Amino acid sequence: MKRSFLTARLFSAALLLAGPGLLNACANRAADPAPLAAAEAAPADTAFTIAVIPDTQNYLDFTHQTAEGFPFDASELFLEQMTYIAENLESEGGEIAFVSSLGDVWQHQTLEMDADHAARGFRKVANPILDAHFAPTEKTKTVEMPKAHEGFSLIAGKTPFSVVPGNHDYDAMWTDSQFPPRAKTPAEVDPNDLTSLGVLHPGGLDNFRSVFGAETAFFKDKSWYVASHDGGADSAQVFDAGGYRFLHIGLQFDPPNASLAWAAAVIEAHKGLPTIVSTHDYLSKEGQRVPNAIIDGNAVDPVHNTPEMVWEKLISQNDQIFLVLCGHQHGQAWRVDENAKGNKVWQVLADYQDRGQTAKAAGVNSAWPVGIGDGWMRLMTFDFGADVPVLKVATYSTHYDQLSRETPDYAAWYKAHEQPGLSDEAFHDADDYVLTLEDFRTRFGAPAQSQN
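Predicted, not measured: the structure shown is a model, and the values here were computed from it. All residue numbers refer to positions counted from 1 along the written sequence of the respective chain. In keeping with the model being predicted, local features are shown solely for residues with a pLDDT of at least 70 and side-chain atom pairs are shown and tallied solely at 80 or more, while totals for entire chains, interfaces and linings include all residues. Remark: hydrogens and water are excluded; side-chain values derive from all non-hydrogen atoms of the structure.

**Q** Is there a simple way to think about the side chain of glutamine 353 in this case?
**A** Helix and strand labels come from DSSP, where a helix needs a run of H or I of at least four residues and a strand needs a run of E of at least two; each type is numbered from the N terminus. In this structure, glutamine 353 sits in the loop between strand E12 (344-351) and helix H11 (357-361). The class for glutamine 353 is buried, based on a relative accessible area of 5%. A distance of 3.1 Å separates polar atoms of two side chains, one belonging to glutamine 353 and the other to glutamine 57. Every residue pair with non-hydrogen atoms within 4.5 Å of one another is taken to be in contact. Apart from the residues within four sequence positions on either side, glutamine 353 is in contact with Asp55, Gln57, Asn58, His328, His330, Gly371, Ile372 and Gly373. In this scheme, a residue with accessible area under 20% of its type's maximum is buried, one over 50% is exposed, and one in between is partly exposed, where area comes from a 1.4 Å probe on protein chains only. Contacts described as polar in this section are N or O atom pairs within 3.5 Å, which, within protein, must combine one atom able to donate a hydrogen with one able to accept it, while residues neighboring in sequence count only if both atoms come from side chains.

As C-alpha coordinates, this is what we get:
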(Lines give C-alpha, C1' and ligand atoms only; values in the text may rest on other atoms or scores of the structure.)
Protein backbone atom coordinates (compact mmCIF):
# COMPACT_ATOMS: atom_id res chain seq x y z
CA MET A 1 0.00 0.00 0.00
CA LYS A 2 1.57 3.26 -1.08
CA ARG A 3 -0.29 5.53 1.33
CA SER A 4 -3.34 5.38 3.54
CA PHE A 5 -5.59 8.42 3.58
CA LEU A 6 -6.68 7.90 7.17
CA THR A 7 -8.00 10.84 9.16
CA ALA A 8 -4.58 11.37 10.74
CA ARG A 9 -3.17 12.76 7.46
CA LEU A 10 -5.92 13.87 5.13
CA PHE A 11 -8.62 14.88 7.56
CA SER A 12 -6.48 16.60 10.16
CA ALA A 13 -5.76 19.20 7.49
CA ALA A 14 -9.36 19.30 6.36
CA LEU A 15 -10.70 20.00 9.82
CA LEU A 16 -8.61 23.14 10.03
CA LEU A 17 -10.66 24.51 7.17
CA ALA A 18 -14.30 25.41 6.90
CA GLY A 19 -16.06 25.02 3.61
CA PRO A 20 -16.66 28.16 1.61
CA GLY A 21 -20.14 29.57 1.37
CA LEU A 22 -22.37 29.77 -1.63
CA LEU A 23 -20.65 30.48 -4.92
CA ASN A 24 -22.03 32.80 -7.48
CA ALA A 25 -23.90 30.94 -10.16
CA CYS A 26 -20.84 30.41 -12.33
CA ALA A 27 -18.01 30.43 -9.80
CA ASN A 28 -15.17 28.06 -10.58
CA ARG A 29 -13.08 27.88 -7.40
CA ALA A 30 -13.49 27.71 -3.66
CA ALA A 31 -13.49 30.82 -1.54
CA ASP A 32 -10.81 31.35 1.11
CA PRO A 33 -11.45 28.86 3.93
CA ALA A 34 -11.96 29.82 7.59
CA PRO A 35 -11.24 27.87 10.80
CA LEU A 36 -13.73 25.33 12.09
CA ALA A 37 -14.74 25.40 15.74
CA ALA A 38 -13.33 21.93 16.37
CA ALA A 39 -10.13 20.52 14.91
CA GLU A 40 -10.31 16.98 16.23
CA ALA A 41 -10.37 14.03 13.87
CA ALA A 42 -13.79 12.50 13.33
CA PRO A 43 -14.58 9.07 14.75
CA ALA A 44 -13.76 6.36 12.24
CA ASP A 45 -17.40 5.35 11.77
CA THR A 46 -18.52 8.83 10.75
CA ALA A 47 -15.80 9.56 8.15
CA PHE A 48 -15.34 7.84 4.81
CA THR A 49 -13.97 8.53 1.35
CA ILE A 50 -15.30 8.28 -2.18
CA ALA A 51 -12.62 7.68 -4.81
CA VAL A 52 -13.43 9.59 -8.00
CA ILE A 53 -11.61 8.50 -11.15
CA PRO A 54 -11.55 11.16 -13.90
CA ASP A 55 -11.11 10.34 -17.58
CA THR A 56 -8.55 7.53 -17.95
CA GLN A 57 -8.56 7.41 -21.76
CA ASN A 58 -4.96 8.56 -22.25
CA TYR A 59 -3.62 5.84 -19.95
CA LEU A 60 -5.35 3.15 -22.00
CA ASP A 61 -4.80 4.69 -25.45
CA PHE A 62 -3.04 1.94 -27.43
CA THR A 63 -0.70 4.55 -28.95
CA HIS A 64 0.59 5.38 -25.45
CA GLN A 65 2.16 1.94 -24.92
CA THR A 66 5.66 0.66 -25.60
CA ALA A 67 4.29 -1.79 -28.19
CA GLU A 68 3.53 1.27 -30.34
CA GLY A 69 6.89 2.94 -29.69
CA PHE A 70 5.80 5.14 -26.78
CA PRO A 71 8.60 5.43 -24.15
CA PHE A 72 6.52 3.85 -21.36
CA ASP A 73 3.29 1.94 -20.86
CA ALA A 74 0.82 4.59 -19.78
CA SER A 75 -1.58 1.81 -18.82
CA GLU A 76 0.69 1.07 -15.86
CA LEU A 77 -0.32 4.42 -14.36
CA PHE A 78 -3.95 3.33 -14.65
CA LEU A 79 -3.26 -0.01 -12.97
CA GLU A 80 -1.27 1.79 -10.27
CA GLN A 81 -4.29 4.02 -9.62
CA MET A 82 -6.68 1.07 -9.43
CA THR A 83 -4.28 -0.83 -7.16
CA TYR A 84 -4.13 2.12 -4.79
CA ILE A 85 -7.92 2.26 -4.64
CA ALA A 86 -8.17 -1.50 -4.11
CA GLU A 87 -5.69 -1.38 -1.22
CA ASN A 88 -7.54 1.46 0.50
CA LEU A 89 -11.10 0.15 0.30
CA GLU A 90 -13.10 -0.17 3.51
CA SER A 91 -13.27 -3.92 2.88
CA GLU A 92 -9.45 -3.95 3.05
CA GLY A 93 -9.27 -1.83 6.21
CA GLY A 94 -9.10 1.55 4.45
CA GLU A 95 -11.50 4.47 4.10
CA ILE A 96 -12.83 4.21 0.53
CA ALA A 97 -16.51 3.22 0.67
CA PHE A 98 -17.46 3.85 -2.96
CA VAL A 99 -15.73 4.35 -6.32
CA SER A 100 -17.07 6.48 -9.18
CA SER A 101 -15.47 6.46 -12.63
CA LEU A 102 -16.55 9.52 -14.63
CA GLY A 103 -16.29 8.01 -18.12
CA ASP A 104 -13.96 8.12 -21.11
CA VAL A 105 -12.46 4.95 -19.72
CA TRP A 106 -10.73 4.15 -23.00
CA GLN A 107 -9.82 6.23 -26.04
CA HIS A 108 -10.86 4.74 -29.36
CA GLN A 109 -13.91 3.41 -31.13
CA THR A 110 -14.51 0.43 -33.39
CA LEU A 111 -17.14 1.70 -35.86
CA GLU A 112 -17.40 4.58 -38.32
CA MET A 113 -21.03 5.04 -37.20
CA ASP A 114 -23.47 2.93 -35.21
CA ALA A 115 -26.43 1.35 -37.00
CA ASP A 116 -29.07 3.44 -35.22
CA HIS A 117 -27.64 6.79 -36.26
CA ALA A 118 -26.96 5.55 -39.79
CA ALA A 119 -30.59 4.43 -40.10
CA ARG A 120 -31.76 7.84 -38.91
CA GLY A 121 -29.85 9.60 -41.68
CA PHE A 122 -26.79 10.95 -39.87
CA ARG A 123 -23.66 11.28 -42.03
CA LYS A 124 -19.96 11.47 -41.27
CA VAL A 125 -17.58 13.93 -42.92
CA ALA A 126 -13.82 13.77 -43.11
CA ASN A 127 -11.85 15.60 -40.44
CA PRO A 128 -8.13 15.95 -41.27
CA ILE A 129 -7.14 16.75 -37.69
CA LEU A 130 -9.36 14.64 -35.47
CA ASP A 131 -9.54 11.57 -37.72
CA ALA A 132 -5.80 11.14 -37.29
CA HIS A 133 -6.29 10.72 -33.55
CA PHE A 134 -9.62 8.93 -33.29
CA ALA A 135 -9.92 6.62 -36.28
CA PRO A 136 -11.79 3.40 -35.39
CA THR A 137 -9.51 0.50 -34.61
CA GLU A 138 -9.76 -3.11 -33.47
CA LYS A 139 -7.05 -2.30 -30.93
CA THR A 140 -9.85 -0.80 -28.87
CA LYS A 141 -11.00 -4.39 -28.29
CA THR A 142 -7.60 -6.05 -28.13
CA VAL A 143 -5.69 -3.47 -26.05
CA GLU A 144 -7.79 -0.73 -24.46
CA MET A 145 -10.95 -2.52 -23.31
CA PRO A 146 -9.12 -5.56 -21.84
CA LYS A 147 -6.86 -3.25 -19.84
CA ALA A 148 -9.92 -1.39 -18.52
CA HIS A 149 -11.40 -4.73 -17.44
CA GLU A 150 -8.12 -5.69 -15.78
CA GLY A 151 -8.04 -2.48 -13.78
CA PHE A 152 -11.60 -2.63 -12.52
CA SER A 153 -11.20 -6.31 -11.71
CA LEU A 154 -8.90 -5.16 -8.90
CA ILE A 155 -11.88 -3.68 -7.04
CA ALA A 156 -14.62 -6.01 -8.27
CA GLY A 157 -16.33 -7.93 -5.48
CA LYS A 158 -14.73 -5.70 -2.86
CA THR A 159 -16.79 -2.50 -3.02
CA PRO A 160 -19.81 -0.89 -4.67
CA PHE A 161 -18.71 1.09 -7.72
CA SER A 162 -20.03 2.89 -10.79
CA VAL A 163 -18.70 3.46 -14.30
CA VAL A 164 -20.54 5.81 -16.66
CA PRO A 165 -19.93 5.93 -20.42
CA GLY A 166 -18.12 8.97 -21.74
CA ASN A 167 -18.21 9.90 -25.40
CA HIS A 168 -15.01 7.92 -26.09
CA ASP A 169 -16.57 4.75 -24.68
CA TYR A 170 -19.20 4.61 -27.43
CA ASP A 171 -18.80 2.27 -30.40
CA ALA A 172 -18.45 5.17 -32.83
CA MET A 173 -17.52 8.85 -32.69
CA TRP A 174 -17.61 10.77 -35.96
CA THR A 175 -17.51 14.35 -37.20
CA ASP A 176 -21.12 15.01 -38.10
CA SER A 177 -22.01 16.46 -41.49
CA GLN A 178 -24.09 19.20 -39.84
CA PHE A 179 -20.90 20.69 -38.36
CA PRO A 180 -17.97 20.06 -40.72
CA PRO A 181 -14.48 21.23 -39.75
CA ARG A 182 -13.24 24.56 -41.02
CA ALA A 183 -9.66 23.98 -39.86
CA LYS A 184 -7.58 21.64 -41.97
CA THR A 185 -4.34 22.03 -40.00
CA PRO A 186 -3.61 22.74 -36.31
CA ALA A 187 -2.53 26.27 -37.24
CA GLU A 188 -6.01 26.99 -38.60
CA VAL A 189 -7.82 26.07 -35.38
CA ASP A 190 -9.55 29.07 -33.83
CA PRO A 191 -8.86 28.89 -30.06
CA ASN A 192 -11.89 31.11 -29.44
CA ASP A 193 -14.20 28.83 -31.47
CA LEU A 194 -13.34 25.17 -31.16
CA THR A 195 -16.16 24.25 -33.54
CA SER A 196 -13.55 25.16 -36.17
CA LEU A 197 -12.44 21.58 -35.49
CA GLY A 198 -15.92 20.32 -36.38
CA VAL A 199 -18.40 18.74 -33.96
CA LEU A 200 -18.06 15.09 -32.98
CA HIS A 201 -20.93 12.81 -32.04
CA PRO A 202 -20.91 9.39 -30.33
CA GLY A 203 -23.21 6.45 -30.92
CA GLY A 204 -23.62 2.82 -29.94
CA LEU A 205 -22.90 1.30 -26.54
CA ASP A 206 -22.20 -2.36 -27.27
CA ASN A 207 -18.51 -1.98 -26.37
CA PHE A 208 -19.34 -0.32 -23.07
CA ARG A 209 -21.99 -2.89 -22.18
CA SER A 210 -19.58 -5.73 -22.90
CA VAL A 211 -17.28 -4.49 -20.12
CA PHE A 212 -19.55 -2.55 -17.76
CA GLY A 213 -23.09 -3.63 -18.67
CA ALA A 214 -25.68 -4.71 -16.12
CA GLU A 215 -25.25 -8.38 -17.07
CA THR A 216 -21.48 -8.47 -16.63
CA ALA A 217 -19.88 -10.21 -13.66
CA PHE A 218 -18.94 -6.80 -12.26
CA PHE A 219 -22.59 -6.02 -11.47
CA LYS A 220 -24.95 -8.94 -12.12
CA ASP A 221 -26.64 -10.17 -8.91
CA LYS A 222 -24.75 -7.69 -6.73
CA SER A 223 -27.05 -6.59 -3.92
CA TRP A 224 -25.74 -3.01 -4.08
CA TYR A 225 -26.39 -2.69 -7.83
CA VAL A 226 -30.05 -1.82 -7.46
CA ALA A 227 -31.19 -0.69 -10.93
CA SER A 228 -30.09 -0.18 -14.52
CA HIS A 229 -31.36 1.25 -17.78
CA ASP A 230 -30.26 0.89 -21.39
CA GLY A 231 -28.29 -2.24 -20.58
CA GLY A 232 -26.30 -0.55 -17.83
CA ALA A 233 -25.45 2.68 -19.64
CA ASP A 234 -27.41 4.21 -16.77
CA SER A 235 -27.10 2.49 -13.41
CA ALA A 236 -27.83 2.87 -9.71
CA GLN A 237 -25.99 1.68 -6.62
CA VAL A 238 -26.44 1.93 -2.86
CA PHE A 239 -23.72 1.97 -0.22
CA ASP A 240 -23.63 2.41 3.55
CA ALA A 241 -21.09 4.77 5.09
CA GLY A 242 -20.84 7.39 7.81
CA GLY A 243 -24.13 6.35 9.40
CA TYR A 244 -26.17 6.83 6.22
CA ARG A 245 -27.29 4.76 3.28
CA PHE A 246 -26.50 6.60 0.04
CA LEU A 247 -28.00 6.22 -3.42
CA HIS A 248 -25.69 6.77 -6.38
CA ILE A 249 -26.95 7.20 -9.94
CA GLY A 250 -24.67 7.03 -12.97
CA LEU A 251 -25.93 8.62 -16.18
CA GLN A 252 -24.70 8.17 -19.74
CA PHE A 253 -23.19 11.00 -21.80
CA ASP A 254 -25.67 13.87 -22.36
CA PRO A 255 -28.48 11.60 -21.13
CA PRO A 256 -31.73 11.52 -23.12
CA ASN A 257 -35.14 12.02 -21.54
CA ALA A 258 -35.60 8.27 -21.07
CA SER A 259 -32.50 8.19 -18.87
CA LEU A 260 -33.70 11.14 -16.80
CA ALA A 261 -37.17 9.60 -16.35
CA TRP A 262 -35.57 6.32 -15.26
CA ALA A 263 -33.33 8.16 -12.76
CA ALA A 264 -36.31 10.01 -11.26
CA ALA A 265 -38.13 6.70 -10.83
CA VAL A 266 -35.12 5.17 -9.06
CA ILE A 267 -34.98 8.11 -6.67
CA GLU A 268 -38.70 7.73 -5.99
CA ALA A 269 -38.13 4.05 -5.21
CA HIS A 270 -35.41 4.94 -2.69
CA LYS A 271 -37.12 7.73 -0.80
CA GLY A 272 -35.12 9.67 1.72
CA LEU A 273 -31.67 8.48 0.68
CA PRO A 274 -29.02 11.16 0.12
CA THR A 275 -28.25 10.86 -3.57
CA ILE A 276 -25.10 11.42 -5.63
CA VAL A 277 -25.20 11.65 -9.43
CA SER A 278 -22.19 10.96 -11.64
CA THR A 279 -22.22 11.79 -15.33
CA HIS A 280 -19.52 12.48 -17.88
CA ASP A 281 -20.45 15.89 -19.30
CA TYR A 282 -21.88 18.51 -16.93
CA LEU A 283 -19.56 21.42 -15.93
CA SER A 284 -16.99 23.45 -17.80
CA LYS A 285 -13.77 24.49 -16.08
CA GLU A 286 -15.39 27.92 -15.68
CA GLY A 287 -18.07 26.26 -13.56
CA GLN A 288 -20.83 26.64 -16.16
CA ARG A 289 -23.34 23.95 -17.10
CA VAL A 290 -22.48 24.04 -20.80
CA PRO A 291 -21.30 21.35 -23.21
CA ASN A 292 -17.87 21.12 -24.74
CA ALA A 293 -18.32 22.85 -28.09
CA ILE A 294 -16.74 20.08 -30.17
CA ILE A 295 -18.81 17.26 -28.64
CA ASP A 296 -22.20 18.84 -28.06
CA GLY A 297 -24.64 15.93 -28.10
CA ASN A 298 -27.77 18.06 -28.18
CA ALA A 299 -26.57 20.22 -31.07
CA VAL A 300 -26.10 17.20 -33.31
CA ASP A 301 -28.99 15.05 -32.05
CA PRO A 302 -31.70 16.75 -29.95
CA VAL A 303 -32.56 13.45 -28.27
CA HIS A 304 -29.66 14.29 -25.95
CA ASN A 305 -29.96 16.79 -23.10
CA THR A 306 -27.44 19.54 -22.48
CA PRO A 307 -25.99 19.88 -18.96
CA GLU A 308 -28.36 22.75 -18.22
CA MET A 309 -31.30 20.61 -19.34
CA VAL A 310 -30.14 17.84 -17.01
CA TRP A 311 -30.13 20.37 -14.17
CA GLU A 312 -33.55 21.72 -15.04
CA LYS A 313 -35.26 18.38 -15.70
CA LEU A 314 -33.66 16.09 -13.09
CA ILE A 315 -31.13 17.53 -10.65
CA SER A 316 -33.01 20.61 -9.49
CA GLN A 317 -36.34 18.78 -9.28
CA ASN A 318 -35.22 15.94 -6.99
CA ASP A 319 -34.40 17.15 -3.49
CA GLN A 320 -32.55 13.97 -2.56
CA ILE A 321 -29.72 14.86 -4.96
CA PHE A 322 -27.10 16.81 -3.03
CA LEU A 323 -23.92 16.14 -5.05
CA VAL A 324 -23.10 15.88 -8.77
CA LEU A 325 -19.74 14.58 -10.06
CA CYS A 326 -18.46 14.99 -13.62
CA GLY A 327 -15.39 14.87 -15.86
CA HIS A 328 -15.00 15.38 -19.65
CA GLN A 329 -14.04 19.08 -19.72
CA HIS A 330 -10.35 19.46 -19.01
CA GLY A 331 -9.62 21.04 -15.66
CA GLN A 332 -11.45 21.53 -12.36
CA ALA A 333 -14.36 23.57 -11.01
CA TRP A 334 -17.18 23.48 -8.51
CA ARG A 335 -20.37 25.37 -7.90
CA VAL A 336 -23.37 25.17 -5.59
CA ASP A 337 -26.93 26.08 -6.49
CA GLU A 338 -30.28 25.87 -4.77
CA ASN A 339 -32.71 23.30 -6.11
CA ALA A 340 -36.46 23.75 -6.49
CA LYS A 341 -36.91 23.13 -2.74
CA GLY A 342 -34.33 25.76 -1.84
CA ASN A 343 -31.73 23.21 -0.77
CA LYS A 344 -28.13 23.12 -1.94
CA VAL A 345 -26.66 20.95 -4.66
CA TRP A 346 -22.87 20.81 -4.89
CA GLN A 347 -21.53 20.15 -8.39
CA VAL A 348 -17.89 19.17 -8.87
CA LEU A 349 -15.73 18.77 -12.00
CA ALA A 350 -12.40 16.96 -12.20
CA ASP A 351 -10.65 15.95 -15.43
CA TYR A 352 -6.86 15.57 -15.56
CA GLN A 353 -6.43 13.81 -18.91
CA ASP A 354 -4.39 16.69 -20.38
CA ARG A 355 -1.72 16.48 -17.70
CA GLY A 356 1.39 15.24 -19.46
CA GLN A 357 4.36 15.89 -17.19
CA THR A 358 5.11 12.16 -17.28
CA ALA A 359 5.36 12.29 -21.08
CA LYS A 360 7.61 15.35 -20.98
CA ALA A 361 9.88 13.68 -18.42
CA ALA A 362 10.15 10.67 -20.73
CA GLY A 363 11.30 12.88 -23.61
CA VAL A 364 8.12 12.89 -25.67
CA ASN A 365 8.16 15.74 -28.19
CA SER A 366 4.99 16.61 -30.10
CA ALA A 367 3.39 19.56 -31.87
CA TRP A 368 0.35 18.88 -29.71
CA PRO A 369 0.64 18.45 -25.93
CA VAL A 370 0.52 14.75 -25.07
CA GLY A 371 -1.92 14.18 -22.25
CA ILE A 372 -1.49 11.20 -19.95
CA GLY A 373 -3.11 12.02 -16.60
CA ASP A 374 -0.04 11.75 -14.37
CA GLY A 375 -1.92 9.60 -11.84
CA TRP A 376 -4.16 12.41 -10.53
CA MET A 377 -7.53 11.52 -9.06
CA ARG A 378 -9.99 12.84 -6.49
CA LEU A 379 -10.40 11.64 -2.90
CA MET A 380 -13.60 13.10 -1.44
CA THR A 381 -13.74 12.53 2.30
CA PHE A 382 -16.97 13.10 4.23
CA ASP A 383 -16.97 13.87 7.95
CA PHE A 384 -20.35 13.40 9.59
CA GLY A 385 -18.85 13.59 13.07
CA ALA A 386 -18.29 17.33 12.78
CA ASP A 387 -20.85 19.74 14.24
CA VAL A 388 -21.71 20.63 10.64
CA PRO A 389 -20.95 17.89 8.08
CA VAL A 390 -18.06 18.68 5.75
CA LEU A 391 -16.67 17.26 2.54
CA LYS A 392 -12.92 17.47 2.04
CA VAL A 393 -11.98 17.45 -1.65
CA ALA A 394 -8.37 16.39 -2.18
CA THR A 395 -6.46 15.72 -5.39
CA TYR A 396 -3.86 12.97 -5.23
CA SER A 397 -1.45 11.41 -7.71
CA THR A 398 -0.75 7.72 -7.34
CA HIS A 399 2.23 8.24 -9.68
CA TYR A 400 3.91 11.01 -7.68
CA ASP A 401 2.50 9.71 -4.36
CA GLN A 402 1.59 13.27 -3.41
CA LEU A 403 -1.40 15.45 -2.75
CA SER A 404 -1.65 18.44 -5.07
CA ARG A 405 -0.98 20.78 -2.13
CA GLU A 406 2.24 18.91 -1.36
CA THR A 407 3.59 19.14 -4.91
CA PRO A 408 5.94 22.17 -5.28
CA ASP A 409 5.74 22.28 -9.09
CA TYR A 410 1.98 21.70 -9.28
CA ALA A 411 1.02 25.16 -10.52
CA ALA A 412 4.09 25.40 -12.76
CA TRP A 413 3.21 22.10 -14.43
CA TYR A 414 -0.52 22.56 -14.96
CA LYS A 415 -1.92 26.02 -14.27
CA ALA A 416 -1.11 27.71 -17.60
CA HIS A 417 -3.06 25.10 -19.52
CA GLU A 418 -5.98 24.63 -17.13
CA GLN A 419 -6.64 27.86 -15.23
CA PRO A 420 -4.21 30.56 -16.47
CA GLY A 421 -6.16 33.38 -14.83
CA LEU A 422 -5.64 32.08 -11.29
CA SER A 423 -2.79 32.79 -8.91
CA ASP A 424 -0.71 29.78 -7.87
CA GLU A 425 -2.44 29.68 -4.50
CA ALA A 426 -5.89 29.91 -6.06
CA PHE A 427 -4.95 27.10 -8.43
CA HIS A 428 -4.07 24.94 -5.43
CA ASP A 429 -7.37 25.92 -3.84
CA ALA A 430 -9.23 24.68 -6.92
CA ASP A 431 -7.98 21.14 -6.26
CA ASP A 432 -7.86 21.16 -2.45
CA TYR A 433 -10.82 22.57 -0.52
CA VAL A 434 -13.59 21.88 1.96
CA LEU A 435 -17.32 22.12 1.29
CA THR A 436 -19.60 22.71 4.27
CA LEU A 437 -22.76 20.63 3.88
CA GLU A 438 -24.80 22.97 6.03
CA ASP A 439 -28.26 21.69 5.14
CA PHE A 440 -27.43 17.97 4.97
CA ARG A 441 -28.85 16.99 8.37
CA THR A 442 -32.03 19.02 7.94
CA ARG A 443 -32.65 17.08 4.73
CA PHE A 444 -31.49 13.60 5.72
CA GLY A 445 -31.49 13.48 9.51
CA ALA A 446 -28.73 12.56 11.93
CA PRO A 447 -26.28 9.71 11.18
CA ALA A 448 -27.92 6.26 11.19
CA GLN A 449 -31.43 7.73 10.93
CA SER A 450 -31.57 7.43 7.15
CA GLN A 451 -30.02 3.96 7.06
CA ASN A 452 -32.37 1.13 6.08
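**Q** Looking at this model, I keep getting lost on the environment of glycine 166. Mind explaining?
**A** Take glycine 166: it is sitting in the loop between strand E3 (161-163) and strand E4 (172-175). Under the relative-accessibility criterion, glycine 166 is labelled buried at 0%. The spacing of glycine 166 and alanine 233 is 67 residues in sequence and 9.9 Å in space, taken between C-alpha atoms. Ignoring any residue separated from it by four or fewer positions in sequence, one finds glycine 166 in contact with Gly103, Asp104, Phe253 and His280.

**Q** Mind showing me how you'd approach the pairing of strand E13 (residues 376-383) here?
**A** As a general feature of sheets, a regular strand has side chains that alternate between the two faces. For E13, the tally of buried residues reaches eight of eight residues, placing the bulk of the element in the interior. Burial along E13 is two-sided: Trp376, Arg378, Met380 and Phe382 and Met377, Leu379, Thr381 and Asp383, pointing in opposite directions, are all buried. For two strands to be treated as a pair, DSSP must find at least two bridges joining them. Strand direction decides the pairing type here: strand E1 (residues 47-53) and E13, joined by six bridges, are antiparallel. Each bridged residue has a counterpart across the sheet, and for isoleucine 50 the counterpart in E13 is methionine 380.

**Q** Would you take a moment to explain unusual backbone geometry for this structure?
**A** Residues other than glycine seldom take positive phi values, yet aspartate 221 does so here, at roughly 65°. For aspartate 221, a relative accessible area of 74% gives the class exposed. Although it is not a glycine, histidine 328 adopts a positive phi angle of roughly 75°. Residue placement: histidine 328 occurs in the loop between strand E10 (321-327) and strand E11 (331-338).

**Q** Honestly, the packing of aromatic side chains in this entry has me stumped. Any pointers?
**A** Think of a pair of aromatic rings as described by two things: how far the centres are apart, and how the planes are tilted against each other in angle. When two rings of Phe, Tyr or Trp (its six-membered ring) have centres within 6.5 Å they constitute a pair, described as stacked for plane angles under 30 degrees, edge-to-face for angles over 60, and tilted for the intermediate range. Considering all chains together, one arrives at 43 aromatic pairs under this definition. Seen in terms of ring centroids, phenylalanine 161 and phenylalanine 219 are 5.0 Å apart; in terms of plane orientation they differ by 45°. Their pairing is tilted. With phenylalanine 161 in strand E3 and phenylalanine 219 in the loop between helix H7 (206-212) and strand E6 (225-229), this pair connects stretches of sequence that are 58 residues apart. Of the two residues, phenylalanine 161 and phenylalanine 219, both sit in the buried class. Measuring from ring centre to ring centre gives 6.3 Å for tryptophan 224 and tyrosine 225, while their planes differ by 80°; the resulting arrangement is edge-to-face. Owing to a relative accessible area of 13%, tryptophan 224 belongs among the buried residues under this scheme. Owing to a relative accessible area of 11%, tyrosine 225 belongs among the buried residues under this scheme. Among the aromatic residues, those joined into a cluster by ring pairs are Phe48, Phe98, Phe239, Tyr244, Phe246, Phe322, Phe382, Phe384, Phe440 and Phe444. Charge-over-ring placement is defined geometrically: NZ (Lys) or CZ (Arg) within 6 Å of the ring centre, and within 35 degrees of the ring normal. The ring of tryptophan 311 has arginine 289 lying over it, and the distance from NZ or CZ to the ring centre is 4.3 Å. Across from the ring centre of tyrosine 414, 4.2 Å away, lies the NZ or CZ of arginine 355, which sits over that ring.

**Q** How do you make sense of the environment of asparagine 127 when you look at a structure like this?
**A** Locating asparagine 127 in the fold gives a position in the loop between helix H4 (115-119) and helix H5 (131-134). In this structure, the C-alpha to C-alpha distance between asparagine 127 and tryptophan 174, residues 47 residues apart in sequence, is 8.8 Å. In this structure, asparagine 127 is in contact with Ala132, Thr175, Pro181, Leu197 and Gly198, ignoring residues within four places of it in sequence.

**Q** I would appreciate a short explanation of the packing of helix H3 (residues 75-87) against helix H6 (residues 139-153) in the present structure.
**A** Geometry of a packed helix pair, given as the angle between the helix axes and the separation of the axes. Relative to each other, H3 and H6 sit at 20°, their axes nearing to 8 Å. Here H3 is positioned roughly parallel relative to H6, judged by the angle of their axes. Our pair here, H3 against H6, has a crossing hand that is right-handed. Contacts between H3 and H6 pair Ser75, Phe78, Leu79 and Met82 from the former with Lys147, Ala148, Glu150, Gly151 and Phe152 from the latter. In the scheme used here, Gly and all other residues not listed as nonpolar or charged are polar, with Ala, Val, Leu, Ile, Met, Phe, Trp, Tyr, Cys and Pro taken as nonpolar and Asp, Glu, Lys and Arg as charged. Along the lines of polarity and charge, the residues of the contact of H3 with H6 split into five nonpolar, two polar and two charged. All axes are obtained by fitting lines to C-alpha atoms, using only the stretch in contact for helices, and the reported angles, taken between N-to-C directions, cover 0 to 180 degrees. Comment on the angle field: the value is read as roughly parallel under 35 degrees, roughly antiparallel over 145, roughly perpendicular from 65 to 115, and oblique elsewhere. Put simply, a crossing is left-handed when the front helix is turned counterclockwise from the back one by less than a right angle, and right-handed when it is turned clockwise.

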